Amino acid sequence: MKVLDKKVALITGAGSGIGRAIACLYALEGAKVVVSDIDEQGGNETVRLILKEGGEAFFVLADTSKVMDHQKLIDETIRRYGALHIAVNNAGIGGPLAPVGEYPLDGWDKVIGINLTGVFLGMHFQIPKLMEFGGGSIVNISSILGMVASQNSPAYVAAKHGVVGLTKSAAVEYATKKIRINSIGPGYIDTPLLTNTLDQETIDAVANLHPMGRLCQASEVAELALFLNSNKASFITGAYYNVDGGYLAQ
Ligand code: NAP
């Protein structure tokens, strides 16, 4: 028996990075996976990777900042797999880099729209369905920047702090309804986005911000997301867990 056998799991932003790693791991552990993203090509590639390993998945194009896309995502999930037990609200962007006084106002709206409102909308549509199918579990992807600040990313920092608060709020509201909701705070991830855009000196400097002296792997975030969305975490709700090589311990 695999950890997520008979479970239906919906993952946003699953066409790349952390979301893809979670989708692939959940499928390996027996879940039927709804892969969602605004990047159709990336999303279909994740589905291909899952099918290649003998898993079950399909792709739904959805922008998490849009209300109607969440409705479509839930409708497609139920139409195809007949239930919903697990969700991971992972889709997110970095946004512009500037201090508050110079931060582009449209950039603020965009980052908050995806990174915070997108998570609220996700849970708003997911929770009634989880209740309908006997309860379930949600993981929201925050960041180490959900606990501390970093210069020149005010919208990102505010949104990720917001995700931690929103997670706690929803967790206590649904604690007696068989729904657990937790958030995860990854450190800086070893992705092409980072490694292709920064020079080696900067990558080393970012890696050294973590006491373990290296970047985080998306697969290390996926392992925590698997635990939290499994029955092994049956008494854990409203919690924030960091996967950060000691970053927040400093
Ligand atoms: P990623 O590799 O860029 O993957 C994110 C995926 O989400 C991309 O496919 C992206 O599509 C998609 N996406 C963007 N906006 C969307 C929207 N409105 N609706 C649906 N999908 C959308 O990023 P990642 O590093 O895996 O990050 C995943 C999550 O982890 C984010 O919430 C991020 O804030 C968080 N996180 C990341 C790090 C890090 O160091 N990378 C650290 C801590 C936390 P496009 O590529 O087309 O934009």
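Use the structure listed above.
As a convention, each chain's residues are numbered from 1 in the sequence order in which they are written. Whole-chain, interface and lining totals are the exception, using all residues; otherwise, since this is a predicted model, local features are given only for residues with pLDDT of at least 70 and side-chain atom pairs are given and counted only at 80 or more. No hydrogens and no water enter the side-chain calculation; it runs on all heavy atoms of the structure.

Draft legend 1. Quick look at the packing of helix H4 (residues 105–132) against helix H5 (residues 154–173). Axis angles are defined between N-to-C directions and span 0 to 180 degrees, where every axis is a line fitted to C-alpha atoms and, for a helix, only to the segment in contact. What counts as a helix is a DSSP run of H or I of at least four residues, what counts as a strand is a run of E of at least two, and both are numbered from the N terminus. Where H4 contacts H5, the axes come no closer than 8 Å and their chain directions differ by 15 degrees. Accordingly, the angle class assigned to the pair H4 and H5 is roughly parallel. Crossing of H4 over H5 shows right-handed handedness. Across from Trp108, Val111, Ile112, Asn115, Leu116, Val119, Phe120, Met123 and Ile127 in H4, the residues of H5 making contact are Pro154, Ala155, Tyr156, Ala158, Ala159, Lys160, Gly162, Val163, Leu166 and Ala170. Only Asp, Glu, Lys and Arg are considered charged in this grouping, and only Ala, Val, Leu, Ile, Met, Phe, Trp, Tyr, Cys and Pro are considered nonpolar; every other residue, Gly among them, is considered polar. For the contact of H4 with H5, the class distribution of residues is 16 nonpolar, two polar and one charged. Note on angle classes: values under 35 degrees are labelled roughly parallel, values over 145 roughly antiparallel, values of 65 to 115 roughly perpendicular, and the remainder oblique. Each crossing is labelled by how the near helix is turned from the far one, with a counterclockwise turn of less than a right angle marking it left-handed and a clockwise turn marking it right-handed. Two residues qualify as a contact provided that any one of their heavy atoms is within 4.5 Å of a heavy atom in the partner residue.

Draft legend 2. Main features of the packing of aromatic side chains. Note on aromatic pairs: the rings of Phe, Tyr and Trp (six-membered ring only in Trp) are paired at centre separations within 6.5 Å, and the planes decide the class, stacked below 30 degrees, edge-to-face beyond 60, tilted for the rest. Taken as a whole and assessed by the stated rule, the structure comprises two aromatic pairs. Ring geometry for Tyr188 against Tyr247: centres 6.3 Å apart, planes inclined by 55 degrees, an arrangement best described as tilted. On the criterion of sequence distance, the pair formed by Tyr188 in the loop between strand S6 (179–186) and helix H6 (192–197) and Tyr247 in the segment after strand S7 (240–243) is long-range, its members being 59 residues apart.

Draft legend 3. Geometry of the sheet that holds strand S2 (residues 32–37). Between any two strands, pairing holds if DSSP finds at least two bridges. The strand order S3-S2-S1-S4-S5-S6-S7 describes an open sheet built from seven strands, whose pairing is parallel. Edge positions in the sheet fall to strand S3 (56–61) and S7, since each of these pairs with one other strand and no more. Each strand of the sheet is rotated relative to its neighbour by a mean of 20 degrees, with strand direction disregarded. Pairing between S6 and S7: four bridges, direction parallel.

Draft legend 4. Fine view of the site of the ligand. In the region of the ligand, 24 residues are neighbours, and Ser16, Ile18, Asp37, Asn90 and Tyr156 sit closest. Counting of polar contacts relies on pairs of N or O atoms within 3.5 Å, with two restrictions inside protein: one atom must be capable of donating a hydrogen and the other of accepting it, and residues adjacent in sequence are counted only when both atoms are side-chain atoms. The backbone of Thr64 places a nitrogen or oxygen atom 3.0 Å from a nitrogen atom of the ligand. Here, Shrake-Rupley sampling with a 1.4 Å probe gives the accessible areas, and only protein chains in the shown set may cover a residue. When the free accessible area of the ligand is taken as 890 Å², the share hidden by the protein chains comes to 83%. Of all the secondary structure elements, the ones that give two or more residues to the shell around the ligand are helix H1 (17–28) and H5. Its residues placed into classes, the shell around the ligand shows eleven nonpolar, nine polar and four charged. The cutoff for a nearby residue is simple: one of its non-hydrogen atoms must lie within 4 Å of the molecule or strand.

Draft legend 5. Molecular detail of helix H7 (residues 200–207). Accessible area is worked out with a 1.4 Å probe on protein chains only. A residue is then buried under 20% of its type maximum, exposed over 50%, and partly exposed in between. Residues of H7 that are buried: Ile203, Val206 and Ala207. Burial along H7 is one-sided: seen end-on, the buried residues are contained in an arc of 100 degrees. Buried-residue contacts for H7 involve H6. Summarising the geometry, the arc corresponds to the directions from the helix axis toward the C-beta atoms.

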